[in-house]
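# Analysis of the macromolecular model
Now for the letters of each chain:
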Amino acid sequence: MANQPIDRFKSQVFHILSEIPKGECIAYGELAKLAGFPGYARQVGSLMKNLPKDTKLPWHRVINAQRRISFAENTDGYLRQKEKLEKEGWVIVGSKLTFNENSIKK
DNA sequence: CGCAGGGCCCAAG
DNA sequence: TCTTGGGCCCTGC
């Protein structure tokens, strides 16, 4: 298509996303930046939105810069992401995402 | 061609 | 911690 840069951007995003190891997380902005398109955070969100349910990409490891899940708590997207993250050692502390390294801080 | 909106980001209060 | 307000880029109507 005409949007080659964007097309590459998408590919990069998906690639990077697939390379994210368990226990790691990345912000939309960071992801976009690594993809070579700093400032395209919103587009990353659009891509996530477009992801199929059967995707094997760890989209749940993508969070916002505030280190929070960008969904409202009453949405199933939030719940799904939360579950996956918790399985990988993440914990929700006051709406904030925190990595549980062996033991939660105090 | 303009406008609203999105899994955003950042700074203030 | 939450709410505003500005800016970021792209898509859809």
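Refer to the structure printed above.
A short tour of the structure in this document, coming up. (Residues numbered from 1 in each chain as written. Chains lettered and ligands numbered in written order. Predicted model: local features only at pLDDT ≥ 70, side-chain atom pairs only at ≥ 80, totals over all residues. Heavy atoms only, no water.)

## A word on the packing of aromatic side chains
One pass over the full model with this rule turns up four aromatic pairs. Feature note: the residues Phe-9, Phe-37 and Tyr-40 constitute an aromatic cluster, connected by ring pairs. (Phe/Tyr/Trp six-rings, centres within 6.5 Å; stacked < 30°, edge-to-face > 60°.)

## Some points on the protein's contact with DNA strand C
The full set of residues close to DNA strand C is Asn-3, Ile-6, Tyr-40, Arg-42, Gln-43, Arg-68, Gly-94 and Lys-96. The sugar-phosphate portion of DNA strand C accounts for 63% of its atoms within 4 Å of the protein, the bases making up the rest. With respect to DNA strand C, the side chain of Tyr-40 contributes an N or O atom lying 3.1 Å from a phosphate oxygen. Here the residues of the surface near DNA strand C sort into two nonpolar, three polar and three charged. (Near = heavy atom within 4 Å. Polar contact = N/O pair within 3.5 Å; in protein donor to acceptor, adjacent residues only side chain to side chain. Nonpolar A, V, L, I, M, F, W, Y, C, P; charged D, E, K, R; others polar.)

## Some words on the pairing of strand S4 (residues 96-99)
Every other side chain in a regular strand lies on the same face of the sheet, so the side chains alternate between the two faces. As paired elements, strand S3 (residues 90-93) and S4 share four bridges and run antiparallel to each other. Bridge pairing links Trp-90 to Phe-99 in S4. Hairpin remark: S3 followed by S4, antiparallel, with two residues in the connecting loop; positive phi at Gly-94, about 55°. (Pairing = 2+ DSSP bridges. Helix = DSSP H or I, 4+ residues; strand = E, 2+ residues; numbered from the N terminus.)

## Concerning helix H4 (residues 76-87)
When the terminal C-alpha atoms of H4 are compared, their 17 Å separation across twelve residues agrees well with the 16 Å that a helix rising 1.5 Å per residue should span. Within H4 the residues assigned to the buried category are Gly-77, Tyr-78, Gln-81 and Leu-85. Seen from one end, H4 has its buried residues packed into an arc of 95°, which puts them on one side. Turned more than 90 degrees away from the buried face of H4, the exposed residues are Glu-83 and Lys-87. For H4, the elements touching its buried residues are strand S2 (62-63), S3 and S4. Directly beyond the C-terminal end of H4, a positive phi value near 100° is found at Gly-89. (Expected span 1.5 Å × (residues − 1). Buried < 20%, exposed > 50% of the residue type's maximum accessible area, 1.4 Å probe, protein only. Arc of directions from axis to C-beta. Contact = heavy atoms within 4.5 Å.)

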